[in-house]
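So you can see what is in the structure, the chains are spelled out below.
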Amino acid sequence: MPWQTLGNYKDCGIFLMRHLETYKGEPKSWITDLKVESIQQTAQLLKLRAKYCHAILSSSLNEKRKDILKEAKVLYNKMASEKEISIVLAASEGKNVDVRRKKDIKGKVLFLDDDTPEDDN
C-alpha cells in the first residue's frame with residue numbers, strides 16, 4: 001500500500017478506520033485518499049483522528065454522550081468568552097490570521113439537539 005509507514009505505530013487505529021470506511025471489496029479500485037508517508041500524511045491523520053473521535057464521542061450509541069456534550073459546551077463558551085476560539089478557528093482553517101467571531105454568536109454554541117444556547121454561569 002502506497003500509504004504504508006515505516007515507523008508510525010500510534011496511528012494504526014486511524015488507518016484501520018479509514019480502511020473500513022473506504023474499502024468496497026475491490027482492492028484494484030480501492031481509493032483511500034491517504035497520502036504517502038510525509039508531513040501531508042501526518043496532517044491528514046490528525047484530521048481523520050478528529051473526525052473519528054467526534055463520531056465516537058457524539059454518537060447516539062455513546063452512553064456518556066450527554067455528559068461529553070455538556071462539557072464541550074462549557075469549554076467552547078469559556079474559550080469563546082476569552083477570545084481563544086479565534087486561535088482554534090485559525091488553526092483549523094490553516095491560516096495565520098486573526099479570526100473574528102460574528103457578533104450574533106456572542107460566545108455561545110448550538111449543538112444538533114439544542115434549540116437555544118446555554119450560559120456556563
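Thresholds, definitions, all that
- Here the residue index of a chain counts from 1 through its sequence in written order.
- Reporting in this predicted model follows two pLDDT cut-offs: at least 70 for local features of residues, and 80 or more for side-chain atom pairs to be given and counted; totals over whole chains, interfaces and linings ignore these cut-offs and use all residues.
- With hydrogens and water excluded, all non-hydrogen atoms of the structure serve as input to the side-chain values.
- By the criteria applied, helices consist of DSSP H or I runs no shorter than four residues and strands consist of E runs no shorter than two, each listed in order from the N terminus.
- For each residue, the accessible area found with a 1.4 Å probe, counting protein chains only, is set against the maximum for its type, and the residue is called buried under 20%, exposed over 50%, and partly exposed in between.
- Contact between two residues is taken to exist if any of their heavy atoms lie within 4.5 Å; hydrogens are not considered.
- Only the protein chains shown count as cover for residues, and all accessible areas are computed by the Shrake-Rupley method using a 1.4 Å probe.
- Here a salt bridge means any side-chain nitrogen of Lys or Arg lying within 4 Å of a carboxyl oxygen belonging to Asp or Glu.
- Buried residues of nine kinds, namely Ala, Val, Leu, Ile, Met, Phe, Trp, Tyr and Cys, make up a nonpolar core once their side-chain atoms join them within 4.5 Å.
- Directions are taken from the helix axis to each C-beta atom, and the arc is the one they span.
- Residues with no salt bridge and a relative accessible area higher than 30% make up the patches, which join like charges within 9 Å and nonpolar side chains (Val, Leu, Ile, Met, Phe, Trp, Tyr) within 5 Å.

Draft legend 1. Expanded view of the overall build of the protein chain. Of the regular secondary structure elements, the protein chain holds 4 helices and 0 strands. Starting at the N terminus and ending at the C terminus, the protein chain contains elements arranged as α-α-α-α. Going through the 121 residues of the protein chain one by one, you find that 25% of them count as buried. Counted over contacts in the protein chain with a minimum sequence separation of 6, partners at least 24 positions apart contribute 50%. Here the protein chain displays about 9,800 Å² of accessible surface, and carbon together with sulfur accounts for 58% of that area.

Draft legend 2. A look at the environment of Leu-20. Mapped onto the elements of the fold, Leu-20 is located in helix α1 (residues 12–22). Taking the C-alpha atoms as reference, Leu-20 lies 9.7 Å from Thr-32; in sequence the two are 12 residues apart.

Draft legend 3. Local environment of the pattern of salt bridges. Per the stated rule, a full pass over the model turns up 4 salt bridges. In this structure, Arg-18 and Asp-33 form a salt bridge, with 3.9 Å as the shortest nitrogen-oxygen distance. You can see Arg-18 sitting in helix α1 and its partner Asp-33 sitting in the loop between α1 and α2 (39–57), a full 15 residues away along the chain. Here Arg-18 falls in the buried class, since its relative accessible area comes to 13%. Linking Lys-51 and Glu-21 is a salt bridge whose minimum nitrogen-to-oxygen distance equals 2.6 Å. Of the two residues, Lys-51 is situated in helix α2 and Glu-21 in helix α1; the sequence distance between them amounts to 30 residues. The class for Lys-51 is partly exposed, based on a relative accessible area of 39%. For Glu-21, a relative accessible area of 31% puts it in the partly exposed group. A network of salt bridges, in which partner residues are shared, links Arg-18, Glu-21, Asp-33 and Lys-51.

Draft legend 4. Highlighting the nonpolar core. Counting 8 residues, the largest nonpolar core is built from Trp-3, Ile-14, Phe-15, Trp-30, Leu-34, Leu-45, Leu-48 and Tyr-52. Of all the secondary structure elements, the ones that give two or more residues to this core are α1 and α2. Setting aside residues up to four positions removed in sequence, Leu-45 forms contacts with Asn-8, Asp-11, Ile-14, Phe-15 and Leu-34.

Draft legend 5. Just α1, in detail. Those residues of α1 not exposed but buried are Ile-14, Phe-15, Arg-18, His-19 and Thr-22. Across the axial projection of α1, the buried residues extend over an arc of 135 degrees, all falling on one side. Across α1 from its buried face, at more than 90 degrees, point the exposed residues Cys-12 and Leu-20. Looking at the packing, one finds that the buried side of α1 touches α2.

Draft legend 6. Focus on a nonpolar patch on the surface. A cluster of nonpolar side chains, namely Leu-16, Met-17 and Leu-20, defines an oily patch on the protein surface of about 300 Å² accessible area. Mapped onto the elements of the fold, Met-17 is located in helix α1.

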